[in-house]
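Chain by chain, the residues:
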Amino acid sequence: MDERFCAGCGVKIQTSDEHALGYAPKSALQHDPVVCQRCFRLTHYNEIQEVSLTGDDFLNMLSQIAEKDALVVYLVDLFDIAGSWVPGLQRFVGNNPILLVGNKKDLFPKSTNEHKLISWIQRAAREQGLKPVDIFLMSAGKNHGLDEVAAQIDYYRQGRDVYVVGATNVGKSTFINHLIQQSGSESVITTSRFPGTTLDFIEIPLDDGCNLYDTPGVVNAHQVAHFIETRDYKKVMPAKEIKPKVFQLNENQTLFLGGLARVDYIGPSKRSLIAYVASSLLIHRTKTDQADDLYARQLGHLLAPPSEGTILPKMERYDFRTEENDSDVVFSGLGWITIKGKGARVSAYAPKGIGVSLRPSII
Ligand code: GDP
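Q: In this structure, what is going on with the pairing of strand E11 (residues 253–257)? I would like to understand it.
A: Counting buried residues in E11 gives 5 out of 5 residues, a clear majority hidden from the surface. Side chains of E11 alternate between two faces, with Gln-253, Leu-255 and Leu-257 and Thr-254 and Phe-256 buried alike. Bridging between E11 and strand E12 (residues 261–267) involves 5 bridges; their strand directions are antiparallel. In the strand pairing of E12, Phe-256 is matched with Arg-262. Count of turn residues in the E11/E12 antiparallel hairpin: 3 residues, of which Gly-258 carries a positive phi of about 50°. One ladder, built from 5 bridges, connects E11 with strand E14 (residues 283–287); its direction is antiparallel. Bridge assignment links Gln-253 to a residue of E14, and that residue is Lys-287.

Below you can see the structure in the form of structure tokens.
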């Protein structure tokens, strides 16, 4: 195939990866000039389609934000906070203020204490070297809290441009599409290029001559989405409010989260474990001394998702002893298990590459 370039943003056209820069369906190649799917949607529907990329282009782009005088709006996924940080972000954005926005609040049980959640995010952000000027929670998908976030953006930007950044799947395009609809702007959205990169980003005019820039999503390799098939990913991503499931475990009992994660409760004595995962991720309890055998025989059957035949990296073990009163064992992108009470010993397992961590309970 001859090399073709998008008439909209100039990027090289490719027909193989729908989520990467420059994608166009094969049928679009019959047209001359040709535009990539992203520019097509942008011009015809005023709709943002997220593309993702890794590597130098992305770092280049981020580090150029440091040279601007702008507000950075940083989106994280509340269901997968550990998996949705962009490593080193504070360094890249220099002295520009960061407004941290936690999305997908609707997945949390209604009883969640928002203040506790925000102060936990604040601590976690500090550990990342971040000093956000403020933190807000919203649900872009359910249109909750968007007006407030938009008002806060306006307040904190103080007449400056805005850059929206975040990892893939945090809900950035859902959020930006809402902002566009609210602003009622028509056919004025454009793409432009960061100097020195092959990267284009989307420019949305604000009412005072400044712009809001949508930047491509950062791919975090340890997100569970990269390990399993799309149909299985739909099963592990909760679609609505998570219903906690409580289990009373005796010493040396194991919980499997489908075939994607496992927690062995070693002891001492009897204790409650509460699972916060999608309802379609089947939880199975067994005796720890039978767990290896069950996994070998039942992966993709009783222990599902993943679907039968999926080849996963080998399970890696993490040993934890809980210090605080209640703690969460977090499996990046899958959810978490709250261990009630302190002093518990557990071993957690997940396919190598999927982030596993312990945090003070956030609910
Ligand atoms: P992007 O990759 O950051 O642009 O993320 P998308 O906007 O494409 O969203 C990723 C996934 O999260 C999609 O399946 C969305 O439907 C879902 N999503 C986005 N916002 C929300 C939200 O507020 N709540 C829930 N439950 N899901 C959301």
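Q: Hey, could you run me through the sheet that holds strand E13 (residues 271–277) in this one?
A: The strands that make up a sheet pair up through hydrogen bonds in the backbone, lying either parallel or antiparallel. The sheet built from 5 strands is open, its strands ordered E10-E13-E17-E16-E19 with antiparallel pairing. Only two strands of the sheet have a single partner each, and these edge strands are strand E10 (245–249) and strand E19 (356–360). Along the sheet, successive strands turn relative to each other by an average axial angle of 25°, direction set aside. The sheet contact formed by E13 and strand E17 (residues 335–339) spans 5 bridges and is antiparallel. Its bridge partner being in E17, Ala-275 is matched across the sheet by Ile-337.

Q: Explain the nonpolar core here, please?
A: Nonpolar side chains tend toward joint burial in soluble globular proteins. Of all hydrophobic cores here, the largest spans 39 residues; its most connected members are Leu-62, Tyr-74, Trp-85, Leu-89, Leu-100 and Ile-121. Of all elements in the fold, only helix H2 (56–65), strand E2 (70–77), helix H4 (89–93), strand E3 (98–103), helix H5 (114–127), strand E4 (134–137), strand E5 (161–166) and E13 reach the threshold of two or more residues within this core. For this core, the element with the highest residue contribution is H5, accounting for 5 residues. Setting aside residues no more than four positions away along its own chain, Leu-62 makes contact with Val-86, Leu-89, Phe-92 and Val-165. Counting 38 residues, the second-largest nonpolar core is a separate cluster that includes Val-224, Val-277, Ala-291 and Ala-350.

Q: Would you mind going over the site of the ligand with me for this structure?
A: If you check the shell around the ligand, you find 16 residues, and the closest are Asp-106, Asn-169, Lys-172, Ser-173 and Thr-174. The separation between an oxygen atom of the ligand and a polar side-chain atom of Ser-139 is 3.2 Å. Asn-169 places a polar main-chain atom, nitrogen or oxygen, 2.8 Å from an oxygen atom of the ligand. Contact with the protein chains hides 75% of the accessible area of the ligand, taken as 570 Å² for the molecule alone.

Q: Would you mind going over the pairing of strand E16 (residues 327–331) with me for this structure?
A: Each regular strand shows side chains that alternate between the opposite faces of the sheet. For E16, the tally of buried residues reaches 5 of 5 residues, placing the bulk of the element in the interior. Of the two faces of E16, the one holding Ser-327, Val-329 and Phe-331 and the one holding Asp-328 and Val-330 are both buried throughout. Linking two consecutive strands that pair antiparallel, namely E16 and E17, is a turn of 3 residues; a positive phi of about 85° is found at Gly-333 within it. Pairing between E16 and E19: 5 bridges, direction antiparallel. When the sheet's bridge partners are listed, Asp-328 is paired in E19 with Arg-359.

Q: For this particular structure, what's the right way to read the packing of aromatic side chains?
A: For any pair of aromatic rings, the description rests on two quantities: the centre-to-centre distance and the angle between the ring planes. Going through the model one piece at a time under the given rule, you end up with 7 aromatic pairs. For the ring pair Phe-79 and Trp-336, a centre distance of 6.1 Å and an interplane angle of 45° mean the geometry is tilted. With Phe-79 in the loop between E2 and helix H3 (81–84) and Trp-336 in strand E17, the pair connects residues that are 257 residues apart, well separated along the chain. Take Phe-79 and Trp-336: they sit in the same class, and that class is buried. Their ring planes at 75° and their centres at 4.9 Å tell us that Tyr-155 and Tyr-156 sit as a pair that is edge-to-face. Grouped by ring-pair contacts, the aromatic residues Phe-79, Phe-108, Tyr-276 and Trp-336 constitute a single cluster. Sitting over the face of the ring of Trp-120, Arg-359 holds its NZ or CZ atom 5.0 Å from the ring centroid. Arg-359 extends its terminal NZ or CZ atom over the ring of Trp-336, reaching a point 4.7 Å from the ring centre.

The rules behind these values
- Residues numbered from 1 in each chain as written.
- Predicted model: local features only at pLDDT ≥ 70, side-chain atom pairs only at ≥ 80, totals over all residues.
- Heavy atoms only, no water.
- Buried < 20%, exposed > 50% of the residue type's maximum accessible area, 1.4 Å probe, protein only.
- Helix = DSSP H or I, 4+ residues; strand = E, 2+ residues; numbered from the N terminus.
- Pairing = 2+ DSSP bridges.
- Axes fitted to C-alpha atoms, helices over the stretch in contact; angles between N-to-C directions.
- Core = buried A, V, L, I, M, F, W, Y, C linked by side-chain atoms within 4.5 Å.
- Contact = heavy atoms within 4.5 Å.
- Near = heavy atom within 4 Å.
- Polar contact = N/O pair within 3.5 Å; in protein donor to acceptor, adjacent residues only side chain to side chain.
- Areas by Shrake-Rupley, 256 points an atom, 1.4 Å probe, with all protein chains shown as cover.
- Phe/Tyr/Trp six-rings, centres within 6.5 Å; stacked < 30°, edge-to-face > 60°.
- Lys NZ or Arg CZ within 6 Å of the ring centre and 35° of its normal.

Function-wise, these values are silent; they only describe arrangement.
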